[in-house]
Amino acid sequence: MSATGATAAATDPAGARPPRWVVPLFGLAALLLVPWVVLLVVALPSAHRAAHWDIAWAGFDVALALLLLTVAVAAWRRSPWLESAATATATLLFVDAWFDVLTSSTRAELVFSIGEAALVELPLAILCLLLARDAERRLRVPPLNRSASARPRLRLVREQQLPEAAGGADRLGA
């Protein structure tokens, strides 16, 4: 490994950088979304009747309940999945608060939705993000029982390709 590569690996917590195409792809996707949003604001009606409204919201809440359960189980098991589960849960909680408030059809629904967002959904989403940040830090930092000079062993590495078996024999059959 070159000195530059060693320095990059030492300063980058995961020791690996994303592929070069990630930045331009997601940057372009964000830029292309701007005219789409303008078109939606101009073209869509302010009100719309939707079929399966009940199933859409019930399905969303089932997904949210499963993610909340996943966070609980991942935290209980001290699983490395906690970071991802907590981040996904926070995202759905923010989305739930947004759509609950914006799709309220009466003043009472609006007041209830704002209260639920302010007192339940947004605080829980922030807590999930704090859990995710804490889980990410624990994966990066070596445990206290290791020596100070020991480096964490968690790294993203490319999987090595296995050479084909001699004579083209199937590895499962023998």
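Here is what the cut-offs are and how they apply
Residues numbered from 1 in each chain as written. Predicted model: local features only at pLDDT ≥ 70, side-chain atom pairs only at ≥ 80, totals over all residues. Heavy atoms only, no water. Helix = DSSP H or I, 4+ residues; strand = E, 2+ residues; numbered from the N terminus. Contact = heavy atoms within 4.5 Å. Areas by Shrake-Rupley, 256 points an atom, 1.4 Å probe, with all protein chains shown as cover. Phe/Tyr/Trp six-rings, centres within 6.5 Å; stacked < 30°, edge-to-face > 60°. Buried < 20%, exposed > 50% of the residue type's maximum accessible area, 1.4 Å probe, protein only. pLDDT = per-residue confidence, 0-100. Expected span 1.5 Å × (residues − 1). Core = buried A, V, L, I, M, F, W, Y, C linked by side-chain atoms within 4.5 Å. Salt bridge = Lys/Arg side-chain N within 4 Å of Asp/Glu carboxyl O.

(A) Broad picture of the overall build of the chain. A tally of helices and strands in the chain yields 5 helices and 0 strands. Contacts spanning at least 24 positions in sequence make up 59% of the contacts within the chain whose residues lie at least 6 apart. In the structure as shown, the chain presents an accessible area of about 14400 Å², 67% of it carried by carbon and sulfur atoms.

(B) Region of interest: the packing of aromatic side chains. What the rule picks out here adds up to 2 aromatic pairs. Ring geometry for Trp 53 versus Trp 57: centroids 5.9 Å apart, planes at 70°, classification edge-to-face. With Trp 53 and Trp 57 both in helix 3 (residues 53-77) and 4 residues apart, the pair spans about one turn of that helix. Ring centres of Trp 57 and Phe 60 lie 6.0 Å apart, and the angle between their planes is 70°; this geometry places the pair in the edge-to-face category. On the criterion of helical spacing, the pair formed by Trp 57 and Phe 60 is a turn pair, its members being 3 residues apart in helix 3.

(C) Quick look at the side chain of Ser 79. The residue Ser 79 is located in the loop between helix 3 and helix 4 (82-102) in this model. The class of Ser 79 is buried, set by a relative accessible area of 19%.

(D) Examining the confidence of the model for the chain more closely. Considering every residue of the chain, the mean pLDDT works out to 82; 71% of them sit at 70 or more. Within the chain, helix 1 (residues 3-11) has the poorest average pLDDT of any element, 50, and helix 4 the best, 97.

(E) View of helix 3. A rise of 1.5 Å per residue sets the reference length of helix 3, with its 25 residues, at 36 Å; its end C-alpha atoms lie 36 Å apart and thus fit the reference within 8%. Where helix 3 is concerned, the buried positions are Phe 60, Leu 64, Leu 67, Val 71 and Ala 74. Phi for Arg 78, located one or two positions after helix 3, is positive at around 55°.

(F) Up close: the nonpolar core. Counting 15 residues, the largest nonpolar core has Val 71, Leu 82, Ala 86, Leu 92, Leu 93 and Cys 128 as its most contacted members. Looking at this core, the elements with two or more residues in it are helix 3, helix 4 and helix 5 (107-140). In this view, Cys 128 contacts Ala 86, Thr 89, Ala 90 and Leu 93; residues no more than four positions away in its chain are not counted.

(G) Geometry of the pattern of salt bridges. Taken as a whole and assessed by the stated rule, the structure comprises 1 salt bridge. Of the charged contacts, one joins Asp 134 and Arg 138 as a salt bridge, the two residues approaching to 3.3 Å between their closest N and O atoms. Note that Asp 134 and Arg 138 are positioned in helix 5 at a spacing of 4 residues, about one turn of the helix. With relative accessibility at 40%, the residue Asp 134 sits in the partly exposed group. A residue is classified by how much of its surface remains accessible, and Arg 138, at 47% relative accessible area, is partly exposed.

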